[in-house]
Amino acid sequence: MTAPISIDNRTGLIVSARQVLSPHFDERPATVQPDLLVIHGISLPPGDFGGSCIEAFFCGNLCTDAHPYFAEIAALRVSSHLLIRRDGALVQLVPLASRAWHAGASSFGGRSGCNDFSIGVELEGTDDLPYDARQYATLATLTKALCGAYPAISSDRIVGHSDIAPGRKTDPGPAFDWPRYRNALR
C-alpha cells in the first residue's frame, strides 16, 4: 500500500515527494487550471534505469560525456511536473500550478499546446519493458490526489504522451498496462 499523497495547494508542491526543482518551466496562462493528466515514459540512457540522469536532464545538467546519446539531447530544455522512479519513489520537478515543458507540440480535444492545461508525470521506463508494480501503485495514489486537487481532471482526461502527440511520441508505450492502471483508480 502506497502512503497517501498530500498536495499543498498554496505552493503546488507534493509534501511527500523528493523535490528536485527544474528551471525549465514558466507560468500557465492566466486563469488556466490543469484539466489533463499526461503519462510519459523515460529512461536515460535509453533502456537503463536508476541513477540521476533523468533528473539532470530535466534540470539542464546532463553530462554529455557520460553517454553518446546525451550529446544529442543535452541542449533540450524540457521538464515534467513529476517523475516516478522504478521503485515507486516520487520526485517533483515543477510545482503543479506552473507550466512544465513536457508535452511539446501537442493537442487534446481540439486544444493545442497541452503544456498550458496539463500535468505531466514521467515513469522511469521504456515503451517495451513492463513497468514496475510499485510505479503503478504510486501513480494510482498520485492520480487520486491530483483529481482531488484539480477536479477537472477526470478519467477521460488521463492520456499518454502518444495520445496528444501521435506520430511524434510513443510513450508510455505498449508495455504500459492501461487496464491495470485504470482498475487501480477505482
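Anyway, here's the lowdown on the structure attached to this text. If you're wondering where the values come from, they're calculated on a predicted model, not measured in any experiment. (Residues numbered from 1 in each chain as written. Predicted model: local features only at pLDDT ≥ 70, side-chain atom pairs only at ≥ 80, totals over all residues. Heavy atoms only, no water.)

## Some remarks on the pairing of strand β11 (residues 118-124)
This is how the line gets drawn: Exposure classes here rest on a 1.4 Å probe applied to the protein chains alone. A residue is buried below 20% of its type maximum, exposed above 50%, and partly exposed in between. Secondary structure elements are defined from DSSP: runs of H or I of at least 4 residues count as helices, runs of E of at least 2 residues count as strands, and each element is numbered from the N terminus. Strands pair, by our definition, only if DSSP identifies at least two bridges between them.
The element β11 is extensively covered by neighbouring structure, given that 7 of its 7 residues are classed as buried. By the alternation rule, side chains of β11 split into S118, G120, E122 and E124 and I119, V121 and L123, which are all buried. Direction of pairing for strand β5 (residues 36-42) relative to β11: parallel, over a ladder of 7 bridges. For I39, the partnering residue across the bridge sits in β11 and is V121. Here strand β6 (residues 82-84) runs beside β11; their pairing, made up of 3 bridges, is parallel. By the bridge assignment for β11, L82 is matched with V121.

## Concerning the layout of surface pockets
Note the following rule: Grid points spaced at 1 Å over the protein atoms alone were grouped into cavities, where a 1.4 Å probe fits but cannot get out, and pockets, open sets with protein on both sides within 12 Å along at least five of seven lines, with lining residues defined by an atom within 4 Å of a point. Grid points are joined across faces, edges and corners, and a volume is the space filled by probe spheres set on the points. The residue classification treats Ala, Val, Leu, Ile, Met, Phe, Trp, Tyr, Cys and Pro as nonpolar and Asp, Glu, Lys and Arg as charged. All others, Gly included, are polar.
As a volume, the largest pocket reaches approximately 570 Å³. Every residue lining the largest pocket is counted, 26 residues in all, and those nearest its centre are G41, I42, Y69, K169 and D171. Counting residues per element, the lining of the largest pocket draws most heavily on β5, at 3 residues. Counted by class, the lining of the largest pocket contains 11 nonpolar, 10 polar and 5 charged residues.

## Description of helix α3 (residues 133-149)
Formally: By definition here, a helix of n residues has an expected span of 1.5 Å times n minus one. Whenever two N or O atoms come within 3.5 Å, that pair is a polar contact, provided that in protein one can donate a hydrogen and the other can accept it, and provided that, for residues adjacent in sequence, both atoms are side-chain atoms.
With 17 residues, α3 should reach 24 Å at 1.5 Å per residue; the first-to-last C-alpha distance of 25 Å fits that figure. Among the residues making up α3, those that are buried are Q135, Y136, T138, L139, A140, T141, L142, T143, A145 and L146. At the N-terminal end of α3, a side-chain oxygen is found 2.7 Å from the backbone nitrogen of R134, two or three residues along, and the residue is D132.

## Let's talk about the side chain of E124
Which entries qualify depends on this criterion: Contacts were defined at the residue level, with two residues in contact if any of their heavy atoms lie within 4.5 Å.
One can find E124 in strand β11. At 3.1 Å, the side chain of E124 and the side chain of R85 are in polar contact. Excluding residues that lie within four positions of it along the chain, E124 makes contacts with I42, D48, F49, G50, I54, L83, I84, R85, R86, Y131 and Q135.

## Points about the nonpolar core
We count it as follows: Residue types Ala, Val, Leu, Ile, Met, Phe, Trp, Tyr and Cys, when buried and joined through side-chain atoms within 4.5 Å, form a set referred to as a nonpolar core.
Counting 24 residues, the largest nonpolar core has I14, L37, I39 and L142 as the members making the most contacts within it. Of all the elements in the fold, those that place two or more residues in this core are β5, β6, β11 and α3. With near-sequence residues (within four places) excluded, L142 lies in contact with I5, I14, L82, I84, L90 and V121. In terms of nonpolar packing, the next biggest core, distinct from the first, is built from 16 residues, F58, I73, L93 and V94 among them.

## Focus: the pattern of salt bridges
Selection rule: Counted as salt bridges are all cases of a side-chain nitrogen of Lys or Arg within 4 Å of a carboxyl oxygen of Asp or Glu.
For the structure on display, the rule yields 9 salt bridges. A salt bridge links D35 to R111; the shortest N-O distance between them is 2.9 Å. Residue D35 is found in the loop between β4 (25-27) and β5, and its partner R111 is found in strand β10 (residues 111-112); the two are separated by 76 residues along the sequence. For D35, a relative accessible area of 14% puts it in the buried group. Between R85 and E124 there is a salt bridge whose closest N-O contact spans 3.1 Å. Within this pair, whereas R85 is found in the loop between β6 and β7 (90-92), its partner E124 is found in strand β11, the two being separated by 39 residues in sequence.

## Section: the packing of aromatic side chains
Note on aromatic pairs: each is described by the distance of the centres and the angle between the planes. We apply this condition: Between rings of Phe, Tyr and Trp, where Trp is taken as its six-membered ring, a pair exists when centres lie within 6.5 Å; planes separated by under 30 degrees are stacked, by over 60 edge-to-face, and by other angles tilted.
Applying the stated rule across the entire model yields 6 aromatic pairs. A ring pair is formed by F57 and F58, whose centres lie 5.6 Å apart and whose planes are at 35 degrees; its orientation type is tilted. Pairing Y131 with F176 gives two aromatic rings, centres 5.7 Å apart and planes at 80 degrees, and the pair type is edge-to-face. With a gap of 45 residues between them, Y131 in the loop between β11 and α3 and F176 in the loop between α4 (161-164) and α5 (178-184) connect regions that are remote in the sequence. Per residue, the accessibility class of Y131 equals that of F176, and both read buried.

## Comments concerning the sheet that holds β11
This is how it is decided: Angular values range over 0 to 180 degrees, each being the angle between N-to-C directions of two axes fitted as lines to C-alpha atoms, with helices fitted over their stretch in contact.
Strand order in the open sheet formed by 6 strands is β3-β7-β6-β11-β5-β12, with mixed pairing between adjacent strands. Each having just a single partner strand, β3 (18-19) and β12 (158-160) make up the two edges of the open sheet. Pairing of β3 with β7, which is carried by 2 bridges, proceeds in the parallel orientation. Bridge pairing in β7 places R18 opposite V91. Against the sheet, α3 makes contact with β5, β6, β7, β11 and β12, and its axis sits at roughly 170 degrees relative to β11, the strand it touches most.

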